[in-house]
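Listed here are the chains, written in short residue letters.
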Amino acid sequence: MKSSSAGSSSSPTAEPDRQRLPPGWTSYTSPEGLRYYVNCSSNETTWQRPSPSAEDPQRPLAPLSSSPYVNGNHGGPKAGRAAESVALRKAPAYKQPLGSVSPAKRHIKEVKETKTTINCVTFPLPGEGPEQQLLKPNEWSYCDYFWTDKKDPQGTTSVAGFEVLLQKQLKGKQMQKEMSEFIHERIKIEEEYAKNLSKLSVSALAAQEEGTLGEAWTQLKKSLHDEAEVHLKFSNKLHSEVEKPLLTFRGDNFKKDLKKYDHHIADLRKQLASRYGGVEKARKALADRQKDLEVKTQQLEIKLSNKTEEDIKKARRKSTQAGDDLMRCVDLYNQTQSKWFEEMVTTSMELEKLEVERIEWIQQHLRQYTTLRHETDMFNQSTVEPVDQLLQNVDPGKDRELWVKENKTGEVRPVDMDI
């Protein structure tokens with residue numbers, strides 16, 4: 001026990017001419033010269049000499065407000081307080097959410113060893129806790145593989161997992177637009193070809209040929225006109241049955257809808273970052289209050305006074321309040337993270353559904369292209385048969401697996417923050 005000056009603190013004293021104290025009891029003398037007794041095991045304190053018999057009960061505990069003892073420390077009672085009013089005391093056990101200082105620090109250390117925070121999201125460390133099962137096993141679903149962030153290939157900035165999914169959708173929209181442009185160019189070629197065939201069919205060249213050869217020659221030129229009609233019909237069908245659907249599928253509102261998704265998830269992440277900041281602020285406030293409580297406790301060991309007692313009670317209340325605030329902030333953080341988690345799962349599965357629809361839609365209309373091509377040119381089947389075979393093998397699930405393997409950001413999902 002520390003002392004600031006002679007006679008300002010208690011110390012063990014010998015008791016000559018009197019029988020020995022029961023085991024575990026020690027005698028002390030207060031600064032005022034009054035003798036009192038402390039049980040080293042239970043920190044119980046009494047003015048009256050303990051009975052030699054261990055079975056003899058002592059007086060009941062005094063109220064917490066009358067006790068000058070904190071965390072097992074003891075000092076002499078204030079002079080003038082009647083001995084009869086000072087009952088047996090024990091170190092007070094006050095409610096504090098994080099316990100005493102050292103257990104709280106130990107507990108926080110344990111959390112840091114099992115969890116990590118990445119951009120304000122709490123994840124379990126590898127090998128810690130129960131293994132997380134995939135939400136949609138064997139499907140390579142977006143909802144399983146895009147929880148963390150990844151470095152942007154063009155720089156050092158981080159790209160959120162949801163942003164990777166969003167860019168996939170926007171890229172798909174662009175690919176769809178380029179396919180429609182390709183079909184448009186094919187239509188122009190067909191139209192130009194039909195125009196040239198029709199022009200050639202009315203050419204005056206060799207028009208003077210006579211007889212049966214003249215009739216055959218005339219029919220050949222007429223066949224050019226019929227072929228021109230076929231190609232013109234082909235170009236018209238390409239426009240109405242392939243190009244137009246590709247252009248109109250997911251029009252201008254598609255990007256607006258994706259922006260809504262983006263803003264919604266981004267807002268949740270901002271809320272999560274704000275909640276995390278609140279937790280850190282509350283954690284620092286608790287550490288400051290605990291430090292202040294320790295200082296007040298040390299002052300109590302050095303100098304006992306009514307003011308010191310009131311200061312330590314006030315410091316203890318503030319420390320308890322800071323612990324409550326930290327628990328509240330952690331609860332708010334966990335609630336926000338849970339909402340973000342649910343929205344991430346729901347929205348990523350919606351994006352996955354949109355991607356399947358896009359692929360199947362394009363597959364359908366490209367197959368229509370090959371069908372029209374068959375109808376237009378029966379003698380050129382070999383050029384489109386390989387396309388037919390590949391289109392029949394289009395598999396959105398396989399496409400998704402290959403893409404996820406290359407672009408996934410993380411399959412370990414967030415967990416609650418603890419204190």
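Structural data are supplied above this passage.
Since the model is a prediction, treat every value here as computed from it, not as a measurement.

Peer 1: In this structure, what is going on with the overall build of the chain? I would like to understand it.
Peer 2: If you tally the helices and strands in the chain, you get eight helices and eight strands. Within the span of the chain, comprising 419 residues, buried residues form 37% of the whole. A separation of at least 24 residues holds for 72% of the contacts in the chain among residues at least 6 apart in sequence. Of the roughly 25000 Å² of accessible surface on the chain, 53% is carried by carbon and sulfur atoms.

Peer 1: Whenever I open this one, unusual backbone geometry confuses me. Can you help?
Peer 2: Residues other than glycine predominantly adopt negative phi, and peptide bonds predominantly adopt the trans conformation. If you check the backbone angles, Cys 120 has positive phi at about 70° while not being a glycine. Among the secondary structure elements, Cys 120 is positioned in the loop between strand 5 (115–118) and strand 6 (121–124). Phi is positive for Arg 250, which is not a glycine, with a value near 55°. With respect to the secondary-structure elements, Arg 250 resides in the loop between helix 4 (211–248) and helix 5 (252–302).

Peer 1: Can you walk me through the nonpolar core in this structure?
Peer 2: Generally speaking, nonpolar side chains in soluble globular proteins are found buried as a group. In terms of nonpolar packing, the biggest core is built from 35 residues, with Tyr 142, Phe 146, Val 279, Leu 326, Trp 340, Leu 351 and Trp 403 touching the most fellow members. Of all the secondary-structure elements, those providing two or more residues to this core are strand 6, helix 2 (142–145), helix 3 (161–201), helix 5, helix 6 (306–376) and helix 8 (396–407). Take this core: its biggest share by element is 10 residues, from helix 6. Ranked by size, the runner-up nonpolar core spans nine residues in total, among them Phe 234, Leu 246, Ile 362 and Tyr 369.

Peer 1: Where do I start with the environment of Gln 299 in this structure?
Peer 2: Inspection of the secondary structure assignment puts Gln 299 in helix 5. When the C-alpha atoms of Gln 299 and Asp 311 are compared, they prove to be 9.8 Å apart, with 12 residues separating the residues in sequence.

Peer 1: Looking at this structure, I do not really get the packing of helix 3 against helix 4. What am I missing?
Peer 2: In a packed pair of helices, the relevant descriptors are the angle between the two axes and the axis-to-axis distance. Between helix 3 and helix 4, the least distance of the axes is 8 Å, while the angle of their chain directions is 165°. Classed by the angle they form, the pair helix 3 and helix 4 counts as roughly antiparallel. The two elements helix 3 and helix 4 meet at a crossing, and its hand is left-handed. Classifying every residue of the contact of helix 3 with helix 4 by side-chain character gives 15 nonpolar, nine polar and six charged.

Calculation criteria
Residues numbered from 1 in each chain as written. Predicted model: local features only at pLDDT ≥ 70, side-chain atom pairs only at ≥ 80, totals over all residues. Heavy atoms only, no water. Helix = DSSP H or I, 4+ residues; strand = E, 2+ residues; numbered from the N terminus. Buried < 20%, exposed > 50% of the residue type's maximum accessible area, 1.4 Å probe, protein only. Contact = heavy atoms within 4.5 Å. Areas by Shrake-Rupley, 256 points an atom, 1.4 Å probe, with all protein chains shown as cover. Core = buried A, V, L, I, M, F, W, Y, C linked by side-chain atoms within 4.5 Å. Axes fitted to C-alpha atoms, helices over the stretch in contact; angles between N-to-C directions. Parallel < 35°, antiparallel > 145°, perpendicular 65-115°, else oblique. Left-handed = near helix turned anticlockwise from the far one by under 90°. Nonpolar A, V, L, I, M, F, W, Y, C, P; charged D, E, K, R; others polar.

Everything listed here is a matter of geometry and, on its own, says nothing about what the molecule does.
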